[in-house]
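Residue-level listing of the chains:
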Amino acid sequence: MKVGLFINTQYPEGTDVPALIPELIEQVRVSRDAGFKSLWFPHHWLTEPMQMLQIMPAMAFLAHEAQGMAIGPNILILPLLNPMHVAEEAATLDVLTGGNYILGAGLGYREPEFTAFGIPLSERAGRFSESVTLMRKLWAGGKITHEGKFFTIRDAGISLKPVRPGGPPIYIAGLVDSAVRRAARIGDAWLIANASSIQEISGPMQAYRSALAEYCRTPLEFPIARECYVGSSHKTAFEECRAAMIYKYEAYKAWGMTSPLDGVSFDDFARDRFIIGDKESVKDEILRYKELLGVNHFIMRCQWPGLEQEKALGAIRRLGEVFATLR
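How each quantity is defined
- Residues numbered from 1 in each chain as written.
- Predicted model: local features only at pLDDT ≥ 70, side-chain atom pairs only at ≥ 80, totals over all residues.
- Heavy atoms only, no water.
- Helix = DSSP H or I, 4+ residues; strand = E, 2+ residues; numbered from the N terminus.
- Buried < 20%, exposed > 50% of the residue type's maximum accessible area, 1.4 Å probe, protein only.
- Pairing = 2+ DSSP bridges.
- Salt bridge = Lys/Arg side-chain N within 4 Å of Asp/Glu carboxyl O.

Overview of the side chain of Asn 194
Relative to the elements of secondary structure, Asn 194 occurs in the loop between strand S11 (189–191) and helix H7 (198–215). For Asn 194, a relative accessible area of 8% translates into the label buried.

Re the pairing of strand S3 (residues 38–41)
Here S3 shows two buried faces, one formed by Ser 38 and Trp 40 and the other by Leu 39 and Phe 41. Pairing of strand S1 (residues 2–6) with S3 involves 3 bridges; the strand directions are parallel. If you follow Leu 5 over to S3, its bridge partner there is Leu 39. Of the strand pairs in this sheet, S3 and strand S5 (residues 70–73) are connected by 4 bridges, and their pairing is parallel.

Here's the deal with the pattern of salt bridges
Following the criterion strictly, the structure yields 17 salt bridges and no others. The partner of Glu 221 in a salt bridge is Lys 2, and the shortest N-O contact between them spans 3.2 Å. Pair noted here: Glu 221 is in the loop between H7 and strand S12 (223–230) and Lys 2 is in strand S1, with a separation of 219 residues, a long-range link. Between Arg 32 and Asp 33 there is a salt bridge, with its nearest N and O atoms 3.3 Å apart. On the accessibility criterion, Arg 32 (23% relative accessible area) is partly exposed. A residue is classified by how much of its surface remains accessible, and Asp 33, at 61% relative accessible area, is exposed. Residues joined by salt bridges that share partners form a network here, namely Glu 239, Arg 242 and Asp 267.

Spelled out as structure tokens, the structure:
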């Protein structure tokens, strides 16, 4: 099993974001030294009043600090982007990371983003699948011709060939049956999102494994993203991260959506969904996920808007110590 860091690039309104960039650099260095194997970045547009670094410049800026860690989006909202553009940027990031770039991608769900880009939500699945097909053609090298429903390339090729043969792996997110089958059919792994509970994941995981057998495909791994805070004691861990996590999930209201916390306490929502506690209880919970779901790459977000740097660094170091005992 291995662990990755899902880094926080979101900040509350009024935060001096430029002043906090050194903290991001420090988190990457600490996680790398603690044995983390991957580094992941969130992606959204139009998040006001929450401030958010945009994903491509942020990944390129921090790639040097990662030094051997896999790096990628969790997740890139692919249907809103031209796959030629994504393929070119992915090839560049693959070269910059020495072949360690992973393209985590999903359909997206926020109406304001689709409206701003002038793309109907109803087209997102079709655009996504065609984009994956087209990007793989481009990464293979040479000039191609593609006449699709949404995109056209005639006798042209991308400017830079990826280091990794065939291009970066594509990890596909989504929980509904069609998304899970899509991940099995055209993805290199199914990427499980942060806020789904074990109960909500178990059925789709069975469906995913069945679809893999149906399509005669083997994924590179079984990754899962989780909110995770490892405190110095189990008693204080929840209280240390509670306010920052609540801010993160209540931010959905500012985006014109329903908060997942509406009508439910934070503790009830976090149960079987987030991994919070001391090192021993967190280790037990990780092993439970492995036993119940068969996941083997834990992508852990250890900081949320407003959580102090020292608390985040402490959680990262302690989580590294947990996984050192699991290898």
